[in-house]
Amino acid sequence: MNAPVQPAPPPAAPAASATGAAGPDDVAAPASTGPQQDEARFVAWLRRVAPYIHAFRGKTFVVAVPGELIQAGWLNPLVQDLSLLHAMGMRIVLVHGSRPQVNEQLRLRGVQAHYAEGLRITDPVALECAKEASGEIRLDLEAAFSQGLPNTPMAHSAVRVVSGNLVTARPVGIVDGVDYQQTGLVRKIDVQTIRFALNSGAMVLLSPLGYSPTGEAFNLSMEDVAASTAIALDADKLIVLAETGGVFDVDGTLRREVSEAEAKELLAAGTLPEEMAFTLRHALRACEGGVARAHIIPYGLDGSVLLELFQHDGVGTMLVEETLEALREAGPDDVGGLLALLRPLEDDGTLVRRDRGLIEREIGNFTVIEHDGVIFGCAALYAFPRDGIGEMAALAVNPLVQGRGDGERLLQRIEQRARAAGLKRLFVLTTRTMHWFLKRGFVLASVDQLPGQRRGLYNWQRKSLVLIKQL
Ligand SMILES: CC(C)(COP(=O)(O)OP(=O)(O)OC[C@H]1O[C@@H](n2cnc3c(N)ncnc32)[C@H](O)[C@@H]1OP(=O)(O)O)[C@@H](O)C(=O)NCCC(=O)NCCS
């Protein structure tokens, strides 16, 4: 199994995790150099986190908490972190799982668990076990969110947790001759009631159980409930805490960012371990259903939710939604469309002129946004592998559709391509768009910082500004 993240033992005391509000780069306690420097670092850290707090306030996050996390003793630190997010104005729907707890209940009754195609077959005994397990977990979670002892991160937290019959289910039924009995799938989420609860400042807690109009209960998978809820609420993020902690390449490298197309390829290749594939499939479904971001992060890492949200690189895998417009690498047929898009910007001096022959030769460097056969946006990546840096050039979005995030999506894709090529930094040369890049993490640099090959070609008359971003 290529999942290098092994859950570490949870911290001994609940309070111990609280100060680890963000990750090593940002908050690791510095080698103590005196109270003044410690204070300066603290202030600098808090300010660095501020943009994320502003960006996430009022946003809806669906967080999936597997039963394994609870079994491994990570519940308390997670509850503290979620309370903190709640206090910062994030709207949280928590979906818990119960797989190991159901298995434990079955074991206590001396009953064997039955699965088919990785899905539990829920007979009446298993359903009883699922109800008991969910009931217990729900009570434990409610108790954990009710903590408020002074000198703990939960002091003054006062989180209200609302749960209820908010998930309608339907039976999986009989598939390939296997009767899944009381195993179900989500049919509908009570969006109105969940929104009402979130608007009133409460956190919503959903169990992996659903009810049918016939009055029966069905055992559901946590991932199904979480993805369906995220889609129904049009949530900003789905965050799945998982033992695997992300998607890993065969060589064990963590994929920090995966596009929908890449996720589909990975799943089609069939090389991912079963659990990872299961989680990714649901994350992909959420993105396809309109959820902007789905994160798969390790539960065995203290503060992993905070690290993922408040650090640029995060600690898990982020799956990025692609809209119906196709964002893809360019091919020879796109040359005409690219010329039509770039010409006006070249004519007014915004972009450097590229003739047809050059675009034809370098077509593989381009990424395009196409809608109904028309190219609406483009950007190109030129790699300088020896210097570990790449250039993003020819970034352009048709004026008719500017301001809708296409520029940002192109930048993200070029960053993805650069990372995949092992590059550590990205630079741009610009005469008029400096602020757009500054807002997206680029910093001003000098011509000397360009790779040697590129420096020689720098046009001193054009006097473009050099901006560099760490990837
Ligand atoms: C720069 C460009 C690619 C952005 O594309 P886009 O799809 O509009 O980008 P997004 O929707 O992701 O971002 C829009 C935001 O950028 C801002 N923006 C657009 N052009 C800008 C500029 N030249 N300077 C600063 N901000 C700019 C918009 O005002 C908008 O801000 P808001 O979100 O606060 O309203 C597009 O404006 C363009 O094609 N410009 C002409 C070509 C160009 O300058 N390319 C860069 C050459 S180095």
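A.B. asks: Explain the overall build of the protein chain to me, using residue names and the numbers behind them.
C.D. replies: Scanning the protein chain from N- to C-terminus turns up 16 helices and 25 strands. Out of the 471 residues belonging to the protein chain, those deemed buried represent 49%. Roughly 22,500 Å² of accessible area belongs to the protein chain as shown, and the carbon and sulfur atoms make up 53% of that amount. Placing the 46 positive and 55 negative side-chain charges of the protein chain at their respective mean positions leaves the two points 7 Å apart.

A.B. asks: So what about the packing of helix α7 (residues 191-199) against helix α8 (residues 222-233)? Which residues, and what values?
C.D. replies: Contact pair α7 / α8: the axes reach a minimum separation of 10 Å and the direction vectors enclose 80°. Considering their axes alone, α7 and α8 lie roughly perpendicular with respect to each other. Contacts from Val-191, Ile-194 and Arg-195 of α7 reach α8 at Thr-229, Ala-232 and Leu-233. Looking at the contact of α7 with α8, its residues break down into 4 nonpolar, 1 polar and 1 charged.

A.B. asks: Report on the pattern of salt bridges, specifying residues and quantitative values.
C.D. replies: Tallied over the entire structure, the rule returns 23 salt bridges. The partner of Glu-104 in a salt bridge is Arg-107, and the shortest N-O contact between them spans 2.9 Å. A residue pair is termed a helical-turn pair when its members lie 3 or 4 positions apart in one helix, as Glu-104 and Arg-107 do in helix α5 (residues 99-108) at 3 residues. The exposure class of Glu-104 is partly exposed, given its relative accessible area of 33%. Note on Arg-107: relative accessible area 53%, which makes it exposed.

A.B. asks: Describe in detail helix α4 (residues 75-87), supporting the description with residues and values.
C.D. replies: The end-to-end C-alpha distance of α4 is 18 Å, a good match for the 18 Å that 13 residues give at a rise of 1.5 Å each. Taken across its 13 residues, α4 has 10 buried, putting it largely inside the fold. Every buried residue belonging to α4 is among Leu-75, Pro-77, Leu-78, Val-79, Gln-80, Asp-81, Leu-82, Ser-83, Leu-85 and His-86, and all of these are buried.

A.B. asks: Tell me what's going on with helix α10 (residues 274-288), and back it up with residues and numbers.
C.D. replies: The terminal C-alpha atoms of α10 lie 21 Å apart, and with 15 residues this matches the ideal 21 Å at 1.5 Å per residue to within 8%. Check the buried side of α10 and you find it contacts α8, β13 (237-242), β14 (247-248), α9 (260-269), β17 (293-298) and β18 (317-320).

A.B. asks: An account of the nonpolar core is needed here, citing residue identities and associated values.
C.D. replies: Ranked by internal contacts, the top residues of the largest apolar core, which has 44 residues, are Val-62, Ile-194, Leu-206, Leu-238 and Leu-319. Per-element accounting of this core gives the leading share, 7 residues, to α10. Aside from chain neighbours lying at most four places away, what touches Leu-319 is Val-258, Ser-259, Glu-260, Ala-263, Leu-280, Ala-283, Leu-284, Cys-287, Ala-292, Arg-293 and Ala-294. Ile-53, Met-90, Tyr-299 and Phe-310 belong to the second largest nonpolar core, which has 35 residues in total.

A.B. asks: Give me the sheet that holds strand β1 (residues 60-65): which residues, what numbers.
C.D. replies: Strand order in this open sheet of 8 strands is β5-β10-β2-β1-β13-β17-β18-β16, and the pairing throughout is mixed. Edge strands, defined here as strands with exactly one partner in the open sheet, are β5 (161-162) and β16 (257-259). Here 6 bridges tie β13 to β17, and the two strands are oriented parallel to one another. In the sheet register, Leu-238 faces β17, and the bridge partner there is Ala-294.

A.B. asks: An account of a negative patch on the surface is requested, with residue identities and associated values reported.
C.D. replies: Residues Glu-117, Asp-176, Glu-243, Glu-274 and Glu-275 make up a contiguous surface patch of negative charge. Judged by relative accessible area, Glu-243 falls into the partly exposed class, the value being 31%.

A.B. asks: I'd like a description of the pairing of β18, backed by residues and values.
C.D. replies: Side chains Thr-317 and Leu-319 of β18 all project onto a buried face; the interleaved residues Met-318 and Val-320 project onto the opposite face, where all are buried too. Pairing geometry for β16 and β18, over 3 bridges, is parallel. Counterpart to Glu-257 in the pairing with β18 is Met-318. Relative to β18, β17 runs antiparallel, the two sharing 4 bridges. Directly across from Ala-294, in β18, lies its bridge partner Leu-319.

A.B. asks: Account for the packing of aromatic side chains, naming residues and giving values.
C.D. replies: For the structure on display, the rule yields 9 aromatic pairs. Taking the centre distance of 6.2 Å and the plane angle of 50° together, the rings of Phe-56 and Phe-310 count as tilted. Placement of Phe-56 in helix α2 (residues 35-56) and of Phe-310 in helix α11 (residues 304-310) is noted, with a sequence separation of 254 residues between them. For Phe-56, a relative accessible area of 13% gives the class buried. Ring geometry for Phe-437 and Phe-442: centres 5.2 Å apart, planes at 75°, overall edge-to-face. Accessibility assignment for this pair places Phe-437 and Phe-442 in one class, buried.

A.B. asks: Hey, could you go over the domain arrangement of the protein chain for me, with residue numbers and the actual values?
C.D. replies: Domain parsing of the protein chain yields domain 1 (14-320) and domain 2 (326-470). Look at where the C-alpha atoms of domain 1 and domain 2 centre, and you get two points 37 Å apart. Across the boundary between the two partners, domain 1 contributes 6 residues, which contact 5 residues of domain 2. Between domain 1 and domain 2, a total of about 490 Å² is buried, with carbon and sulfur atoms accounting for 32% of that surface. One can count 1 salt bridge joining domain 1 with domain 2. For Arg-419, the salt bridge is made with Glu-257, and the minimal N-O distance between the two is 3.8 Å. Classifying every residue of the side of domain 1 that touches domain 2 gives 1 nonpolar, 2 polar and 3 charged.

A.B. asks: Outline the site of the ligand, supporting the account with residue identities and numerical values.
C.D. replies: Surrounding the ligand, one finds 22 residues, the nearest of these being Leu-395, Val-397, Gly-403, Gly-405 and Thr-433. With respect to the ligand, the backbone of Gly-403 contributes an N or O atom lying 2.7 Å from an oxygen atom. Between the ligand and Thr-433, the relevant distance is 2.6 Å, taken from an oxygen atom to a side-chain nitrogen or oxygen of the residue. In isolation the ligand exposes 900 Å². Once the protein is present, 69% of that is buried. Looking at the shell around the ligand, the elements with two or more residues in it are β22 (389-397), α14 (406-420), β23 (425-430) and α15 (434-438).

Here is what the cut-offs are and how they apply
Position numbers for residues start from 1 in each chain and track the written sequence from start to end. Residue-level local features of this predicted model are given only where pLDDT is at least 70; pairs of side-chain atoms are given and counted only at 80 or more, and the full residue set underlies all totals for whole chains, interfaces and linings. Side-chain figures throughout are based on the complete set of non-hydrogen atoms in the structure, without hydrogens or water. Only runs of H or I of at least four residues qualify as helices and only runs of E of at least two qualify as strands under DSSP, and these elements are numbered from the N terminus. We call a residue buried when its accessible area falls under 20% of the maximum for its residue type, exposed when it is over 50%, and partly exposed in between, using a 1.4 Å probe and counting protein chains only. Residue exposure ignores everything except the shown protein chains as possible cover, and the areas themselves are Shrake-Rupley values with a 1.4 Å probe. Charge counting follows a simple rule: Lys and Arg are positive, Asp and Glu are negative, and His as well as the terminal groups are ignored. For this purpose, a charge sits on NZ of Lys, CZ of Arg, CG of Asp or CD of Glu. Axis definition: a line fitted to C-alpha atoms, limited for helices to the stretch in contact. Angles are taken between N-to-C directions and run from 0 to 180 degrees. Between 65 and 115 degrees an angle is taken as roughly perpendicular, under 35 as roughly parallel, over 145 as roughly antiparallel, and anywhere else as oblique. Here, residues are in contact when the closest pair of their heavy atoms is within 4.5 Å. When residues are sorted by character, Ala, Val, Leu, Ile, Met, Phe, Trp, Tyr, Cys and Pro go into the nonpolar class, Asp, Glu, Lys and Arg into the charged class, and all the rest, Gly among them, into the polar class. Salt bridge, as applied in this entry: a Lys or Arg side-chain nitrogen positioned within 4 Å of an Asp or Glu carboxyl oxygen. Between the first and last residue of a helix there are one fewer steps than residues, each counted as 1.5 Å, and that sum is the expected span. We call a set of buried residues a nonpolar core when its members are Ala, Val, Leu, Ile, Met, Phe, Trp, Tyr or Cys and they connect through side-chain atoms within 4.5 Å of each other. Note on pairing: DSSP must find at least two bridges between two strands before they are called paired. In this scheme, patches are assembled from residues that exceed 30% relative accessible area and form no salt bridge. Like charges are connected within 9 Å, while nonpolar side chains (Val, Leu, Ile, Met, Phe, Trp, Tyr) are connected within 5 Å. Planes of paired rings set the category: under 30 degrees apart is stacked, over 60 is edge-to-face and the rest tilted, where pairs are Phe, Tyr or Trp rings (Trp by its six-membered ring) whose centres lie within 6.5 Å. These domain boundaries are the output of an automatic or database domain assignment. Buried area: the accessible area, evaluated with a 1.4 Å probe, that two parts lose upon being put together, summed over both parts. For this description, a residue counts as near a given molecule or strand if any of its non-hydrogen atoms is within 4 Å of it. For this analysis, a polar contact is any N or O atom pair within 3.5 Å, provided that within protein one partner can donate a hydrogen and the other can accept it, and provided that sequence-adjacent residues contribute only side-chain to side-chain pairs.

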